[in-house]
Amino acid sequence: MTKRGTSSESGRELKGERRTRSQRGGKDGAQRKTTARPAATKPSRRSTSAKGGGRNTGGRGGNGGRRRGGGGRKSASRGNGRLGWLKVGATAVAVAAVWGILILGGILVYYAYDLPDVSRIADTGRRPSVQVVDVTDRPLAAFGEVYGEPLSVGQMPPHLPRAVLAIEDRRFYDHFGLDPLGLMRAAYVNLMEWGVVQGGSTLTQQLAKNVFLSHERTFKRKVQELLLSFWLERRLSKDQILALYMNRVYFGAGTYGVDAAAQRYFDKSAREVTLYEAALIAGLLRAPSRYSPTNNPELAHQRTAQVLNAMVDADYISRAEAEQALEDGSSAAPDLRKTGRYFARWAASQIGDIVGPLSQDVKISTTLDPKIQTIAEEEVERLLKAEGEAKGATQAAVVVMSHDGAIRAMVGGRSWDSSEFNRAVQARRQPGSAFKPFVYLAAFENGLAPDSRVRDAPVQVSLPSGPWNPGNYGDRYYGDVTLREAFARSLNSVAVQLIMEVGPESVVDAAERLGIDSDLKPNPSLALGTSEVSLLDLTAAYVPFANGGRGIWPYGVRKVTGRGGSLLYQRSGEGPGQAIAGPVQAAMVDVFQASVGWGTSKGADPGRPAGGKTGTTQESRDAWFVGFTAELVVGVWVGNDDNTVMKSVTGGGLPARLWNAIVTRALEGEPPRPLKRAAEPVVARSQPDTAAEGASGSGPAEAVGGFLDNLIGRLTGSEPTGNSERVRERDQERWEQNMRR
């Protein structure tokens, strides 16, 4: 067989021989022509004849020769013209190429001069992150930029980088930083779809953009992205580039890198993720918020299925493995619902006051109970969905505390996604009758008792602006009543009489001592809750009523740790100490229980010892219920952000039922426990009979007895026996005796 190189050489040799013969033949012809001419200059007779014949023949031959010679010159002229144009074209192309190279080189030099500092490739350049966890140490939220542990490709389970490559850059190990085939494929797909549905950027280009450049769509950024991609490919191995990408790219919820994403979404290291979890994480890269399992669980599952199919197409896994992963992932998917986001934001906002300006990543360990938080959120949604529209109520807020002031749950509104405004903390509204406990507290501290009697009737108060005539709900009055009954029935006229008797300043002092820090106006209308408060403050102020009279400072942060688990803050102590004297606290528990047992708060009765107070503002713009058990103190508000009127909603309606639902579920399985009393309450009676005076305490039977005596008196038209002034003196005497115990 003849070799290609030998054949070519032979061909060239043959072509050379043909050129030599042609050249030699040309020279011989020229010599013959030159020799013939002199013979023709000496004609003879013989030669004339011959000449004639020769002329004819030679003429024909000469003419033919001239014709052939003329055609050759024309053909050569045309050949020379074509060759000239080819030379001009080649020259133009060469010049254009040179200029193109110069221009391209100039562009590259220009943009290369302005390239970012590549020495910061390992620098994240981020602000410190704040991670908030609940009482079980499960993540609630993260603020700032959260990075996990940097992992090499070898430290990750194989299916994790394969999932990323399958969906982002299958030819990663075959290209040089730019993938022409990928660009052509993306252009074709986008053309067929009449839109941008697929990108052509390589994983290396994405890393260059994420680490060094912004996301602006400019020619400069694209050129620099290519230059940096070539630099990365030249300086780093493929595995190093892939590891850098997977440790730096954004996965939503403030997390950067696969390890932070695994911790956020699955509460585990990226070293431990399953095939399904790896596919879910990889699926987040296109649109982290859209495909987040916390925002759209169903959409996240569909995207995960797409990634698994891409892994099958890339021959990373089999079809059977993909189907098994989908089945396992669907049945064992973790509960990724976003809970406690209002609380998490509130807790994180306090970090500056607790530890000062941040210079490192921190973790905030909070008091939030995930079980109670979930219950509170579910019950708020259930109530508003079932009755909100019919009652004209669109929003609700809840605060749940333990007796030491630790916040166990906080719901700032119906939906965080719809509104991040925290109605439990930021909103300040009139509490209505839910403020009356501070009036009664001041009255009890000034010598009155639950059994002290007062006349429930229309009252008129002289104010600088003119007379004020506060009325009861429904303009109904009950005549002579005990303070227990007045509290239980939430009688406005009695509350106004009490604040006028003890003085508005005493009520302000009592409220502030228990934690209300609003601007309270010391005027008679304060008795009906006309000064605005927050739900958090009001709920916290009820805690001393429940815990034996100890003042508290509400808190949600237990401790703060920094890098390596270093302790930056640890909460200690509970509050300012005893805020209510023992007998006074016991008296308050007495009237609170009466309200839940048979008063306006009976809709909240959880079937265990409880106390509470309703509150409703004018025209039902706000409805409140704050109450407590032996375990929890819970505050509820229902209303509208725009302060529109609700449809006959009172504190004993929607708020009381919401409170009942939350408390009942939160304490399910817990045995009933009596409410805490620091001492026996003060006892005052309307009738000085021996049997009554010999009875000890002021339990439920005594409360019902006093209520029945009063009811019979009203039905028969008779007044209770005894002189009211004498009863007041006896009440004062017994109060002092209890205070001395």
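If you're wondering where the values come from, they're calculated on a predicted model, not measured in any experiment.

Asks: Pulling in residues and values, what's your account of the overall build of the protein chain?
Replies: Scanning the protein chain from terminus to terminus reveals 24 helices and 19 strands. Buried positions account for 46% of the 741 residues belonging to the protein chain. In the protein chain, once contacts between residues fewer than 6 apart in sequence are set aside, the share between residues at least 24 apart is 71%. For the protein chain, the computed accessible surface area is about 37400 Å², with 52% contributed by carbon and sulfur atoms.

Asks: Give a detailed account of helix α8 (residues 258-266), specifying residues and quantitative values.
Replies: The buried count for α8 comes to 8 of 9 residues, which makes it a mostly enclosed element. Among the residues making up α8, those that are buried are Val258, Asp259, Ala260, Ala261, Ala262, Arg264, Tyr265 and Phe266.

Asks: So what's going on with the sheet that holds strand β5 (residues 255-256)? Which residues, and what values?
Replies: Spatial ordering of the open sheet is given by β3-β5-β4, a layout of 3 strands whose pairing is mixed. Either end of the sheet is taken by a strand with one partner, and the two such strands are β3 (146-147) and β4 (250-252). Note: β3 against β5, 2 bridges, orientation parallel. Residue pairing across strands places Val146 opposite Thr255, the latter belonging to β5.

Asks: Describe the environment of Leu285, with residues and values.
Replies: For Leu285, the location among the structural elements is in the loop between α9 (275-283) and α10 (297-313). Remark: the alpha-carbon pair of Leu285 and Ile167, spanning 118 residues in sequence, is separated by 9.0 Å. Residue contacts for Leu285: discarding those within four places in its chain leaves Val164, Glu168, Tyr245, Val249, Tyr250 and Phe251.

Asks: Lay out the packing of aromatic side chains with the relevant residues and their values.
Replies: Applying the stated criterion across every chain, the model contains 17 aromatic pairs. Pairing Phe172 with Tyr173 gives two aromatic rings, centres 5.0 Å apart and planes at 80 degrees, and the pair type is edge-to-face. Tyr173 sits in the partly exposed class, given a relative accessible area of 42%. Centroid distance Phe592 to Phe628: 5.2 Å. Interplanar angle 80 degrees. Geometry classified as edge-to-face. With a gap of 36 residues between them, Phe592 in helix α20 (residues 582-598) and Phe628 in strand β18 (residues 622-628) connect regions that are remote in the sequence.

Asks: Any chance you could break down the packing of helix α19 (residues 535-546) against α20 for me, citing the residues and the numbers?
Replies: Orientation of α19 relative to α20, taken along the N-to-C sense of each, is 110 degrees, at an axis distance of 8 Å. In terms of orientation, α19 lies roughly perpendicular with respect to α20. The segment α19 lies against α20, with Tyr542, Pro544 and Phe545 engaging Gln585, Met588, Val589 and Phe592. Residue classes in the contact of α19 with α20 are distributed as 6 nonpolar, 1 polar and no charged.

Asks: Quick rundown of the nonpolar core? Include the residues and the values.
Replies: Within soluble globular proteins, side chains that are nonpolar tend to cluster in buried spots. Among the nonpolar cores identified, the biggest contains 81 residues, and Phe438 and Phe545 are the most heavily contacted of them. Broken down by element, this core gets its largest block of residues, 9 residues, from α19.

Asks: Outline unusual backbone geometry, listing residues and values.
Replies: Of note, the phi angle at Ala253 is positive, near 55 degrees, even though the residue is not glycine. The topology assignment puts Ala253 in the loop between β4 and β5. Its identity is not glycine, yet Ser490 carries a phi of approximately 55 degrees, on the positive side.

Asks: Which residues make up helix α18 (residues 504-513), and what are the values?
Replies: Burial in α18 covers these residues: Pro504, Val507, Val508, Ala510 and Ala511. Across the axial projection of α18, the buried residues extend over an arc of 160 degrees, all falling on one side. Immediately downstream of α18, the backbone of Gly515 shows phi near 120 degrees, a positive value.

Asks: I'd like a description of the sheet that holds strand β8 (residues 407-411), backed by residues and values.
Replies: If you walk across this open sheet you meet the 5 strands as β8-β7-β19-β18-β17, and the pairing is antiparallel. Looking at which strands have only one partner, the edges of the open sheet turn out to be β8 and β17 (611-616). Along the sheet, successive strands turn relative to each other by an average axial angle of 5 degrees, direction set aside. As judged from the 4 bridges shared by strand β7 (residues 395-402) and β8, these two strands associate in the antiparallel manner. Its bridge partner lying in β8, Val398 is registered against Val411.

Asks: Describe in detail the pattern of salt bridges, supporting the description with residues and values.
Replies: Overall, the coordinates contain 25 salt bridges when judged by the stated rule. Residue Glu277 is joined to Lys268 by a salt bridge in which the shortest nitrogen-to-oxygen separation is 3.2 Å. Linking Glu420 and Arg345 is a salt bridge whose minimum nitrogen-to-oxygen distance equals 3.5 Å. With Glu420 in the loop between β8 and α15 (436-445) and Arg345 in helix α12 (residues 341-348), this pair connects stretches of sequence that are 75 residues apart.

Asks: Just give me the short version of the packing of α15 against α20, but keep the residues and values in it.
Replies: Running from amino to carboxyl end, α15 crosses α20 at an angle of 135 degrees, the nearest separation of the two axes being 10 Å. Here α15 is positioned oblique relative to α20, judged by the angle of their axes. The two elements α15 and α20 cross, and the hand of that crossing is right-handed. Contacts from Pro437, Tyr440, Leu441, Phe444 and Glu445 in α15 reach Val584, Ala587, Met588, Val591 and Phe592 in α20.

Rules and cut-offs
Starting from 1, residues in each chain are numbered consecutively following that chain's sequence as written. Predicted model: local features are reported for residues with pLDDT of at least 70 only, side-chain atom pairs are reported and counted for 80 or more only, and whole-chain, interface and lining totals are derived from all residues. Excluded from the side-chain calculation are hydrogens and water; included are all heavy atoms of the structure. Helix and strand definitions follow DSSP, with helices as H or I runs of at least four residues and strands as E runs of at least two, each counted in order from the N terminus. Throughout, exposure labels follow a simple rule: accessible area from a 1.4 Å probe, protein chains only, divided by the maximum for the residue type, with under 20% read as buried, over 50% as exposed, and the rest as partly exposed. Residue contacts are counted whenever heavy atoms from the two residues lie within 4.5 Å of one another. To be clear on the numbers: accessible area is Shrake-Rupley with a 1.4 Å probe, and residue cover counts the displayed protein chains and nothing else. Two strands qualify as a pair provided that DSSP identifies no fewer than 2 bridges between them. By convention, a stacked pair of Phe, Tyr or Trp rings (six-membered ring in the case of Trp) has centres within 6.5 Å and planes under 30 degrees apart, an edge-to-face pair has planes over 60 apart, and any other such pair is tilted. In this analysis, axes come from line fits to C-alpha atoms, helices being fitted only over the stretch in contact, and the angle between any two N-to-C directions falls in the range 0 to 180 degrees. Roughly parallel means an angle under 35 degrees; roughly antiparallel means over 145; roughly perpendicular covers 65 to 115; every other angle is labelled oblique. Side-chain classes follow a simple rule in which Ala, Val, Leu, Ile, Met, Phe, Trp, Tyr, Cys and Pro form the nonpolar group, Asp, Glu, Lys and Arg form the charged group, and the remainder, Gly included, forms the polar group. Side-chain atoms within 4.5 Å link the members of a nonpolar core, which is a set of buried Ala, Val, Leu, Ile, Met, Phe, Trp, Tyr and Cys residues. Relevant arc is that of directions from the helix axis to the C-beta atoms, nothing else. A carboxyl oxygen of Asp or Glu within 4 Å of a side-chain nitrogen of Lys or Arg is what we treat as a salt bridge. By convention, the crossing between two helices is left-handed when the near helix turns anticlockwise from the far helix through less than a right angle, and right-handed when the turn is clockwise.

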